[in-house]
Amino acid sequence: MATQAQILANRSNAKASTGPSSPEGKAAASRNAIRHGLSAAFQVLPHESPEEFEELEAAYREEFNPHGAHESFLVGEMIQARWKLARIERLEAAAFEQILTEPGSADDPDSRILNTLSRSGNALDKLQRYAAAANRAYNAAHRQLTQTRATEKKDGAKSAQAFIEQYLNTARSDKSAPPQNEPKQPAARTENLALRL
């Protein structure tokens, strides 16, 4: 436990710290806590291709054509989950490669993999947990997007049906009522025959 003098010294030192001042230093410091980008707030990692992410995003937005902020959010969630799944697949392949080329392990590749899988806290176990979380996020966003669209379609059908019923009711009531704006026909002239004579 820190003494009172150490606490005061730490506070004094913290006041003198200004942190990074250059744009490059600030950018680097902003990524200090990111180790693998699987559980952090989503971002394309520096070694990943922003162009590939933009292509994936464009393809999803074209396929699902989100309408409104809610659908756009759900499609964004699907895009991020899909990118994380691709990241996990890449890391998993690298983990298997590392296991198979690790010096001093068993000659049989399957034995090497089983030995690694049997260790607690191994990388493959963690990757599988992250993959399961990304799959759940993708499926939940897709399910909610589908439900939102089905509800909108159902509400649209109800609105159309109500409009048709109102139109038909109005048309029926118009037929039973006398016409309101039709021009009046002049009354037929009846001639007084007695006056003619």
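Below: a short report on this structure.

Rules behind the numbers
Residues numbered from 1 in each chain as written. Predicted model: local features only at pLDDT ≥ 70, side-chain atom pairs only at ≥ 80, totals over all residues. Heavy atoms only, no water. Helix = DSSP H or I, 4+ residues; strand = E, 2+ residues; numbered from the N terminus. Buried < 20%, exposed > 50% of the residue type's maximum accessible area, 1.4 Å probe, protein only. Contact = heavy atoms within 4.5 Å. Areas by Shrake-Rupley, 256 points an atom, 1.4 Å probe, with all protein chains shown as cover. Patch = residues over 30% accessible without salt bridge, like charges linked within 9 Å, V, L, I, M, F, W, Y side chains within 5 Å. Salt bridge = Lys/Arg side-chain N within 4 Å of Asp/Glu carboxyl O. Lys, Arg positive; Asp, Glu negative; His and termini not counted. Charge placed at Lys NZ, Arg CZ, Asp CG, Glu CD. Axes fitted to C-alpha atoms, helices over the stretch in contact; angles between N-to-C directions. Parallel < 35°, antiparallel > 145°, perpendicular 65-115°, else oblique. Left-handed = near helix turned anticlockwise from the far one by under 90°. Expected span 1.5 Å × (residues − 1). Arc of directions from axis to C-beta. Core = buried A, V, L, I, M, F, W, Y, C linked by side-chain atoms within 4.5 Å.

**A closer look at the overall build of the protein**
Part 1 of the reasoning: Counting its secondary structure elements, the protein contains 7 helices and 0 strands.
Part 2 of the reasoning: When the helices and strands of the protein are listed from N to C terminus, the series reads α-α-α-α-α-α-α.
Part 3 of the reasoning: Per-residue burial for the protein yields a buried fraction of 17% across its 197 residues.
Part 4 of the reasoning: Sequence-distant contacts, at least 24 apart, represent 63% of the contacts inside the protein between residues at least 6 apart.
Part 5 of the reasoning: Carbon and sulfur atoms make up 54% of the accessible area of the protein, which amounts to about 15,300 Å² in all.

**Details of a negative patch on the surface**
Part 1 of the reasoning: Judged by side-chain charge, Glu51, Glu52, Glu54 and Glu55 come together as a negatively charged surface patch.
Part 2 of the reasoning: When you line up the elements, Glu52 lands in helix α3 (residues 50–64).

**Overview of the pattern of salt bridges**
Part 1 of the reasoning: Applying the stated criterion to the full structure yields 4 salt bridges.
Part 2 of the reasoning: For Glu48, the salt bridge identified is with Arg87, shortest N-O distance 2.8 Å. Highlighted residues: Glu48 in the loop between α2 (23–30) and α3 and Arg87 in helix α4 (residues 68–101), separated in sequence by 39 residues.
Part 3 of the reasoning: For Glu48, a relative accessible area of 5% corresponds to the buried category.
Part 4 of the reasoning: Close ionic contact of Arg61 with Glu57 constitutes a salt bridge, the shortest N to O distance being 3.6 Å. Linking Arg61 with Glu57, this pair stays in helix α3, spanning 4 residues, or about one helical turn.

**Some thoughts on the environment of Val44**
Part 1 of the reasoning: Its location among the elements puts Val44 in the loop between α2 and α3.
Part 2 of the reasoning: With 36 residues separating them in the primary sequence, Val44 and Gln80 have C-alpha atoms 9.3 Å apart.
Part 3 of the reasoning: Val44 has contacts with Ser49, Pro50, Phe53, Trp83 and Arg87, leaving out every residue within four places of it along the chain.

**Quick notes on the packing of α3 against α4**
Part 1 of the reasoning: Interaxial distance between α3 and α4 falls to 10 Å at its minimum, and their mutual angle equals 140°. Accordingly, the angle class assigned to the pair α3 and α4 is oblique. For the crossing formed where α3 meets α4, the hand is right-handed. Contacts between α3 and α4 involve Glu52, Phe53, Leu56, Glu57, Tyr60, Arg61 and Phe64 from the first element and Ser72, Val75, Gly76, Met78, Ile79, Arg82 and Trp83 from the second.

**As for α3**
Part 1 of the reasoning: When the terminal C-alpha atoms of α3 are compared, their 21 Å separation across 15 residues agrees well with the 21 Å that a helix rising 1.5 Å per residue should span.
Part 2 of the reasoning: Among the residues making up α3, those that are buried are Phe53, Leu56, Tyr60 and Phe64. Buried residues along α3 cover an arc of 60° about the axis, so they all sit on one side. In α3, the exposed residues that point more than 90 degrees away from the buried face are Glu54, Glu55 and Glu62.
Part 3 of the reasoning: Positive backbone phi, at 40°, marks Asn65, one or two positions downstream of α3.

**Describing unusual backbone geometry**
Part 1 of the reasoning: Phi at Asn65 is positive, roughly 40°, even though this residue is not glycine.
Part 2 of the reasoning: Checked against the element boundaries, Asn65 lands in the loop between α3 and α4.

**Details of a nonpolar patch on the surface**
Part 1 of the reasoning: Residues Phe163, Ile164 and Leu168 make up a contiguous nonpolar surface patch of roughly 290 Å² in combined accessible area.
Part 2 of the reasoning: One can find Phe163 in helix α6 (residues 123–176).

**Some remarks on the nonpolar core**
Part 1 of the reasoning: Counting residues in each nonpolar core, the largest one holds 13 residues, and the members touching the most others are Tyr60, Phe64, Val75, Met78, Ile79 and Leu145.
Part 2 of the reasoning: Looking at this core, the elements that each hand over two or more residues are α3, α4 and α6.
Part 3 of the reasoning: For this core, the leading source of residues is α4, giving 6 residues.
Part 4 of the reasoning: Non-local contacts of Met78, meaning those with residues more than four positions away in its chain, are made with Tyr60, Phe64, Tyr138, Ala141, His142 and Leu145.
Part 5 of the reasoning: Counting 9 residues, the second-largest nonpolar core is a separate cluster that includes Ile88, Ile99, Leu124 and Leu127.

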